[in-house]
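If you want the building blocks of each chain, they are given just below.
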Amino acid sequence: IMSKGTVVLAYSGGLDTSCILVWLKEQGYDVIAYLANIGQDEDFEAARKKAESLGAKKIFIEDLRKEFVEDFIWPSVQANAVYEDRYLMGTAIARPCIARRQVEIARKEGAQFVSHGATGKGNDQIRFELTCYALYPEVKIIAPWRIPEFYNRFRGRKDLMEYAQKFGIPVPVTPKAPWSMDANLMHISYESGILENPKSQAPPDLYLMTKNPADSPNEPDVLEMEFRNGVPIKVTNETNGISKNAPLEIFSYLNEIGGKHGVGRIDIVENRFIGMKSRGIYETPGGTILLKAHLDIETFTMDKEVRRIKQGLGIKFSELVYNGFWYSPECDFVRHCIAKSQENVEGKVQLSVFKGQVYILGRESPKSLYNEELVSPLVQVL
């Protein structure tokens, strides 16, 4: 059969994208499987073998953790990016990072098509596709969950399982958790299934990244975080002397400390871009510590009026990123403005992480705009 062309599939190793891989081959495409490592807990070698056995023409497993932190998480820290006052956007920030590399591979391999397993009801389809179109305008996108032949054939998990058995796709042996999960270095999100009822409470064993604050240590970890240009360049644990100074190591360590103390859990109903509300549960331990520390050093070192404008830009940035417009000209412009505001955001913040909370203890900076003599009510009497 003549090939219809080459498609780069964003492949996770799970049931859905494994079925999509085989289905695309059935439709007559050559499939390149692309798996991004952005810090999720995954057996990448097993996923490679699985994609091979399913007939992927080529397999790319790309470690994007470093660029995820430096190119995507750090600008979000500078922006104090929070969507609708609560959500730190761990998924929204990751999508442009994943899609950027997908497009690089498509261009390099001369593939005319890209494909993803995002559903037709969520934000992720938009985030993937706007990134792909921005960086590779001629690309054609195959979104199986929006194609009637696909979604009418696979009406639920049972249909996917039957298809998998028919085509020799290895199926998950453990029963599926009654919700869906998306994990990366920045957060884990949980939604759908039993969580679709906004009143039903999450079972205590749902959280994988953070300890329940009630069961967390009875002693705090005291950290000192050093910032330059609005991003952390060093974190030191004053309790045990451990110190980290590379971006990925800093962020991973903050996750470890935040997770140990149960920091960064939220359970919210949010507004999706496509016009429906959805319930999501998120845990973002390192990101939550960073937000608190950055807010503190920023207010200490930034001019009052600059900060007011920058705060509005941060909200704009959050909406653009949530809605999938990371690579739009307007988001690029906002990012540049925010980066400019961070030139003097440097110094050290001391904080304590304890029982689900981050307590700021003190701060110091060579660029501080705080004047101790000016603020003191004591007039020296000569």
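What you are looking at is a predicted structure, and each value in this text was computed from that prediction instead of being measured.

A.B. asks: Explain the packing of helix α1 (residues 15-26) against helix α7 (residues 157-166) to me, and be specific about the residues and the numbers.
C.D. replies: With their axes 10 Å apart at the nearest point, α1 and α7 run at an angle of 55° to one another. When the interaxial angle is binned, α1 and α7 end up oblique. The handedness of the crossing between α1 and α7 comes out as left-handed. Contacts between α1 and α7 involve L15, D16, C19, V22, W23 and E26 on the former and, on the latter, R157, L160, M161, Y163 and A164.

A.B. asks: Go over the UniProt feature "domain: Arginosuccinate synthase-like N-terminal" (unreviewed entry) in the protein chain with me, naming the residues and quoting the values.
C.D. replies: Under the present numbering, the feature "domain: Arginosuccinate synthase-like N-terminal" (unreviewed entry) in UniProt falls on residues 7-170. Counted over residues 7-170, helix gives 51% and strand 15%. Its end C-alpha atoms are 22 Å apart.

A.B. asks: Provide a residue-level description of the side chain of H261, including the pertinent values.
C.D. replies: Relative to the helices and strands, H261 is located in the loop between α8 (247-260) and β11 (265-271). What makes H261 buried here is its relative accessible area of 0%. A polar side-chain atom of H261 sits 3.5 Å from the main-chain carbonyl oxygen of V353. In contact with H261, not counting residues within four places along its chain, are P213, S216, P217, E219, P220, D221, V353, F354, K355 and G356.

A.B. asks: Kindly report on the packing of helix α3 (residues 65-79) against helix α10 (residues 304-322), identifying the contributing residues and their values.
C.D. replies: Running from N to C, α3 and α10 point in directions that differ by 140°, and their axes come no closer than 9 Å. With respect to each other, α3 and α10 are oriented oblique. Residues P75, S76, Q78 and A79 of α3 pack against K310, G314 and F317 of α10. Per-class residue counts for the contact of α3 with α10 are 3 nonpolar, 3 polar and 1 charged.

A.B. asks: Kindly report on the sheet that holds strand β7 (residues 188-191), identifying the contributing residues and their values.
C.D. replies: The 4 strands lie next to each other as β6-β7-β12-β11, forming an open sheet whose pairing is antiparallel. Two strands close off the open sheet at either side, each with one partner strand: β6 (180-183) and β11. Recorded for the sheet is a direction-independent mean angle of 25° between the axes of neighbouring strands.

A.B. asks: Now, about the packing of aromatic side chains: what can you tell me, with residues and values included?
C.D. replies: Scanning all chains against the criterion turns up 15 aromatic pairs. Among the aromatic side chains, those forming a connected cluster through ring pairs are W23, W145, F150, F154, Y163 and F167. The side chain of R265 reaches across the aromatic face of Y207, ending 3.8 Å from its centre.

A.B. asks: Describe unusual backbone geometry, listing the residues and the values that go with them.
C.D. replies: The phi torsion at N80 lies on the positive side, around 50°, for a residue other than glycine. Structurally, N80 can be placed in the loop between α3 and α4 (90-108).

A.B. asks: I'd like a rundown of the sheet that holds strand β10 (residues 243-244), residues and numbers included.
C.D. replies: Read across the open sheet, the 5 strands follow the order β10-β9-β8-β13-β14; overall the sheet is antiparallel. Of all the strands in the sheet, just β10 and β14 (357-364) have a single pairing partner and so form its edges. Strand direction decides the pairing type here: strand β9 (residues 231-237) and β10, joined by 2 bridges, are antiparallel. What sits directly across from V235, in β10, is K244. The strands that α8 touches are β8 (221-228), β9, β10 and β13 (347-354); relative to β9, the one it contacts most, it runs at about 50°.

A.B. asks: Tell me about helix α2 (residues 44-53), and please be specific about residues and values.
C.D. replies: Within α2, burial applies to F44, A47, K50 and A51. Summarising the axial view, the buried residues of α2 lie within an arc of 115°, below the 170-degree limit, and thus occupy one face. Exposed and facing more than 90 degrees away from the buried side of α2 are K49 and S53. The elements touched by buried residues of α2 are α1, β2 (30-37) and β3 (58-63). With a side-chain oxygen positioned 3.3 Å from the backbone nitrogen of E45, the residue opening α2 is D43. G55, located one to two residues past α2, shows a positive phi value of around 95°.

Criteria and thresholds
- Residues numbered from 1 in each chain as written.
- Predicted model: local features only at pLDDT ≥ 70, side-chain atom pairs only at ≥ 80, totals over all residues.
- Heavy atoms only, no water.
- Axes fitted to C-alpha atoms, helices over the stretch in contact; angles between N-to-C directions.
- Helix = DSSP H or I, 4+ residues; strand = E, 2+ residues; numbered from the N terminus.
- Parallel < 35°, antiparallel > 145°, perpendicular 65-115°, else oblique.
- Left-handed = near helix turned anticlockwise from the far one by under 90°.
- Contact = heavy atoms within 4.5 Å.
- UniProt positions renumbered as here; feature names shortened; annotations may be inferred.
- Buried < 20%, exposed > 50% of the residue type's maximum accessible area, 1.4 Å probe, protein only.
- Polar contact = N/O pair within 3.5 Å; in protein donor to acceptor, adjacent residues only side chain to side chain.
- Nonpolar A, V, L, I, M, F, W, Y, C, P; charged D, E, K, R; others polar.
- Pairing = 2+ DSSP bridges.
- Phe/Tyr/Trp six-rings, centres within 6.5 Å; stacked < 30°, edge-to-face > 60°.
- Lys NZ or Arg CZ within 6 Å of the ring centre and 35° of its normal.
- Arc of directions from axis to C-beta.

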